[in-house]
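# Summary of the model geometry
As a plain string of letters, each chain reads:
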Amino acid sequence: MAILEVEHLKKTYTTRLGSNRVEALKDVNFTVERGEFVAIMGESGSGKTTLLNLLAALDKPTGGQVRLNGKNLGELKEKEIAGFRRENLGFVFQDFNLLDTFSLRDNIYLPLVLEGKKYEEMSLRAEPIAKKLGITQILNKYPYEVSGGQKQRAAVARALITNPELVLADEPSGALDSHAADGLMKLFGEINEEGQTIVMVTHSVKAACSAKGVLFIKDGEVFHQLYRGSLGRDEMYQKISDTLTILATGGERDE
Ligand SMILES: Nc1ncnc2c1ncn2[C@@H]1O[C@H](COP(=O)(O)OP(=O)(O)OP(=O)(O)O)[C@@H](O)[C@H]1O
């Protein structure tokens, strides 16, 4: 079953006086099935962040629609949006977005605090997630006391604690060294194997190899979709690299 349906999605940015228009997304169509792990790739300025913002209901499309579990995000009332986002989506960002004055534990609890959950429930929910992510021993530390990889693990725990339908990640390994990035992608793979649907924007071919499919965006449109299927990691790496080369050189996509 499709968890995410994107139909004829369009986003045009207009400057205040209307003199300058940028068609960031022109006509984007794709679906994400439950349990998928999709990487979104494309050159700088191709519209990836714009797309992610629309998937996250952080911005309104100029045309078309995004449906999450059949619910058209465009029909959400302004006051429903924050709650809908909290209940259905988990976010992981390149720069972690952890609050420095909160311990990792309190950062992870934050979405549940906002939902008004009791401390015991927060603790019960966090325990298995922290264990899985290997951060049980450092939960009382503050973000500035731990490594980038550990910060990102805490951010992933925070994204997962509400048991979201969909995790949206924007360059999650972008600020990590290659060892921590590999660890994070392994973790995403495991979380996905356990049933979590993930959509991740990345510039890294290596990170995209962890996904089950890659959606390539060019000039605000879907240029190509690649599925891992039975491809080995090396083959997948090669196919992604080849497609990025075609994207960059303006050639036609290979079918
Ligand atoms: N708030 C905005 N107002 C006007 N134009 C914008 C705005 N945000 C993005 N754009 C333009 O829309 C286009 C797509 O931008 P977007 O940030 O979505 O690309 P991207 O693929 O995420 O790029 P990058 O990989 O560099 O983050 C670009 O031409 C950009 O300049």
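An unreviewed UniProt entry lists the protein under the name ABC transporter ATP-binding protein, from Fusicatenibacter saccharivorans. In its Sequence similarities (unreviewed entry) section, the UniProt entry covering the protein states "Belongs to the ABC transporter superfamily."

Neighbouring residues of the ligand: Tyr13, Val22, Ala24, Gly42, Ser44, Gly45, Ser46, Gly47, Lys48, Thr49 and Thr50. Of all the secondary-structure elements, those providing two or more residues to the shell around the ligand are β2 (21–33) and α1 (48–55). A total of 3 residues in the shell around the ligand trace back to one element, the largest contributor, which is α1. By residue class, the composition of the shell around the ligand is 3 nonpolar, 7 polar and 1 charged.

In contact at an axis separation of 10 Å, helix α4 (residues 119–133) and helix α5 (residues 148–160) are set at 145° when each is read in the N-to-C sense. In terms of crossing hand, the pair formed by α4 and α5 is right-handed. Taking contact as the criterion, the partners of Ala126, Ile129, Ala130 and Leu133 in α4 are, on α5, Arg153, Val156, Ala157 and Leu160. A per-class count over the contact of α4 with α5 returns 7 nonpolar, no polar and 1 charged.

Pairing within the open sheet is mixed, and its 6 strands lie in the order β6-β7-β8-β3-β9-β10. Bordering the open sheet on either side are β6 (89–93) and β10 (221–227), each of which pairs with just one other strand. Sheet twist, expressed as the mean angle between neighbouring strand axes with direction ignored, is 20°. By the bridge criterion, 4 bridges tie strand β3 (residues 37–41) to strand β8 (residues 197–201) in an arrangement that is parallel. Bridge pairing in β8 places valine 38 opposite valine 199. The strands that helix α8 (residues 233–249) touches are β3, β9 (213–218) and β10; relative to β10, the one it contacts most, it runs at about 165°.

Scoring rules and cut-offs
- Residues numbered from 1 in each chain as written.
- Predicted model: local features only at pLDDT ≥ 70, side-chain atom pairs only at ≥ 80, totals over all residues.
- UniProt positions renumbered as here; feature names shortened; annotations may be inferred.
- Near = placed C-beta within 6 Å.
- Helix = DSSP H or I, 4+ residues; strand = E, 2+ residues; numbered from the N terminus.
- Nonpolar A, V, L, I, M, F, W, Y, C, P; charged D, E, K, R; others polar.
- Axes fitted to C-alpha atoms, helices over the stretch in contact; angles between N-to-C directions.
- Left-handed = near helix turned anticlockwise from the far one by under 90°.
- Contact = placed C-beta atoms within 7 Å.
- Pairing = 2+ DSSP bridges.

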